[in-house]
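The chain contents come next:
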Amino acid sequence: MGLRVCLVTPFAWSRPHDVNEHVAGLAAELRALGHEVTVLAPSTRAADLIAGRRALLDGGGAEVIALGPAVPVSRRSRIGVPVGVRANLSLALVRGAYDVVHGFEPGLPSLSYLALRDAQALAVATFLSRERLGYPPGRAQRERLLGRIDALLATSEEVAEAAAERLPGDYRVVSAGVDTELFQPGRKRTLVVYEWRPTERLLARAVARALRGLPEWELVLLRTKPLTGRPTVSRALRGRAYVRTLRAGEARASLLNEAAVFVPAFDGLDRVSLEAAAAGAAIVSPPGVREQPELAAAAIARLAEDAVFRERSGTRARAEAEQHSFQALAHEVDAVYQELAAKRKPRVSVPSIPAEHDWITADLHLHTSWSHDCQISVEELLDRAEEQGLGAIAVTDHNVFGGALEAVEAQGAIVYLPHPFDRLHAIPDPATLHRNLAQLDVLEVYNARLLFEAYNDEALRFARKYGLAMGAGSDAHVLQGVGTGGVRLPAFDGPEEFLAALRLAQIQRRPRSLLYLQSLKWAAQAKERVR
């Protein structure tokens, strides 16, 4: 099933970046699978910004839309996205009418975070680095973000574990993705490529020491990040050791395709190691090398001296890399999208209601004395509901069914989830909520007793996203609260007609002072304790 998909990256599309390479490769392969994919990103190129504005005005159908100028992104900074860029993002999300909004590295204060926070569509988040998990700083903000994300992805077990510490949930590990056509074994030279980092001096010395004993071999010190200084080439290696700065995958391809051996930095880019493996280079990463960098020198020497072993290692690396191609990544992500889409309740054709059909008001969240914090008897509740003109009520006592069984004879159960995002009370965590979506019949989108209306708004957003039937109730614990929230719907007979009628229901809001109702509840509880 083809979907309208929006991929959002926080990094300037006009500049090389490993996240953008991941996004670009995924976008191309998702399009090959039949999806309509748009990438939203900042840019530093004026032509991109002009084209992006034109695309927004035309309806947002371009493959890449630059929403505004790139701003520095730091995991320690607060949101620094300009107001105009935020407005462009909102416009893009509305006009795009996307089925899926997929944000990358939303642990940064950036477009990705804002897109997942504000999207009305199914939301997917991908985390690629343990170093980009500092935002949002507040727990409440993180909980709100987590409540709006429908699937959590990570490109490694290590990243998933780190992300879960700040945003708990069920993470799925997916491939980092690599272009196995761009990176493939070429005619190998006696060449070692070392991903240089200025802080890893012991590893750099080990590599240089190994090359000094291999006079027929060349060394390339590969820089993949800007502003990282310039390595010093020892006198013994001059003439066969070179420094190359190659930040984009396309620029690295010709070098890595010829390299026989690749030495990754301890804290290097995972993407570069994957590219080298796809290029058929033997990867130098023996166990314990971080603690004992001299092990890298021994591994280089062995690979240089044993051509058969070196070729076998390169062949094995290539075979493993093929399992992480962009095609494989797209199939993994597509499976996530389809799984989420399948959780949506199918649209039910609701028959037209004759004008003469009776409509009633129902309060779908009420308590009786069977709840530990309520003193209303069943008889009092029924009398009060009749006084308020309610045509139906739902008794929803805490963890007991006695009140409901007194109020009605044995009836088939309907699963109704009250105040699902009221974080001031016990609620299911997002992972539990998503795991049990298939069992939900009705989601409460208005609860008259919630302290913050934003919690009701979250529930409404969630219900619309998954096509759930919407309910509302007063959550009354005192008689004065009965009927302060509910739904107006066609009169019904039985569970099936009730669920069908809810599709036509109108939310009824009759709020009273929450402080007044809560004080009455406390007074009733205190009176009961005195007895």
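Relevant structure appears above.
Caption draft 1: Quick peek at the overall build of the protein chain. Each helix and strand counted, the protein chain has 18 helices and 19 strands in total. Considering only C-alpha atoms, the protein chain reaches an extent of 95 × 55 × 40 Å along its principal axes. Evaluated residue by residue, the protein chain yields a buried proportion of 49% over its 531 residues. Taking as baseline every contact in the protein chain between residues at least 6 positions apart, the subset at least 24 positions apart corresponds to 72%. Accessible surface computed for the protein chain: about 25,300 Å², of which carbon and sulfur atoms make up 51%. With 64 positive and 63 negative side-chain charges, the protein chain shows a separation of 11 Å between the mean positions of the two kinds.

Caption draft 2: Here's a closer look at a negative patch on the surface. Taken together, the side chains of E157, E158, E161, E165 and D270 make up a negatively charged region of the molecular surface. Position of E158 relative to the elements: it lies in helix α6 (residues 157-166).

Caption draft 3: Seen up close, the packing of aromatic side chains. Per the stated rule, a full pass over the model turns up six aromatic pairs. Seen in terms of ring centroids, F452 and Y455 are 5.7 Å apart; in terms of plane orientation they differ by 90°. Their pairing is edge-to-face. A residue is classified by how much of its surface remains accessible, and F452, at 42% relative accessible area, is partly exposed. Taking 5.1 Å as the distance between ring centres and 45° as the angle between the ring planes, the aromatic pair formed by F462 and Y466 counts as tilted. With F462 and Y466 both in helix α16 (residues 453-466) and four residues apart, the pair spans about one turn of that helix. Taken together, the aromatic side chains of F421, F462 and Y466 make up a single cluster linked through ring pairs.

Caption draft 4: Spatial organisation of the nonpolar core. Among the nonpolar cores identified, the biggest contains 39 residues, and L7, L26, Y337, L443, F462 and L468 are the most heavily contacted of them. Considering each element in turn, this core owes the most residues, seven residues, to helix α12 (residues 326-343). Those residues in contact with L26 that lie beyond four places of it in its chain are L7, H102, F104, F326, L329, A330 and V333. One finds V85, V101, A115 and A125 within the second-largest nonpolar core, a separate group that totals 36 residues.

Caption draft 5: How the structure looks around the pairing of strand β13 (residues 359-366). Of all eight residues making up β13, seven are buried, and the element is well covered by its neighbours. The pairing of β13 with strand β18 (residues 485-490) spans four bridges and is classified as antiparallel. Across the sheet, residue T361 finds its bridge partner in β18, namely R488. Pairing geometry for β13 and strand β14 (residues 392-395), over three bridges, is parallel. Looking at β14, one finds that A362 is bridged to A392. Between the parallel elements β13 and β14, the chain passes through helix α13 (residues 378-387) in a crossover that is right-handed.

Caption draft 6: Region of interest: the pattern of salt bridges. For the structure shown, the criterion picks out 23 salt bridges. Between R45 and D48 there is a salt bridge, with its nearest N and O atoms 2.8 Å apart. Owing to a relative accessible area of 42%, R45 belongs among the partly exposed residues under this scheme. With a shortest N-O distance of 3.5 Å, R290 and D267 are connected by a salt bridge. A residue pair is termed long-range when its members are at least 10 positions apart, and R290 in the loop between β12 (282-283) and α10 (294-305) and D267 in the loop between β11 (261-263) and α9 (270-278) qualify at 23 residues. A cluster of three or more residues bridged by salt bridges with shared partners is formed by D18, E105 and R132.

The rules we used
Residues numbered from 1 in each chain as written. Predicted model: local features only at pLDDT ≥ 70, side-chain atom pairs only at ≥ 80, totals over all residues. Heavy atoms only, no water. Helix = DSSP H or I, 4+ residues; strand = E, 2+ residues; numbered from the N terminus. Buried < 20%, exposed > 50% of the residue type's maximum accessible area, 1.4 Å probe, protein only. Contact = heavy atoms within 4.5 Å. Areas by Shrake-Rupley, 256 points an atom, 1.4 Å probe, with all protein chains shown as cover. Lys, Arg positive; Asp, Glu negative; His and termini not counted. Charge placed at Lys NZ, Arg CZ, Asp CG, Glu CD. Patch = residues over 30% accessible without salt bridge, like charges linked within 9 Å, V, L, I, M, F, W, Y side chains within 5 Å. Salt bridge = Lys/Arg side-chain N within 4 Å of Asp/Glu carboxyl O. Phe/Tyr/Trp six-rings, centres within 6.5 Å; stacked < 30°, edge-to-face > 60°. Core = buried A, V, L, I, M, F, W, Y, C linked by side-chain atoms within 4.5 Å. Pairing = 2+ DSSP bridges. Right-handed = clockwise from strand over helix to strand, strands pointing away.

Fair warning: the whole summary comes from geometry, so function is off the table for now.
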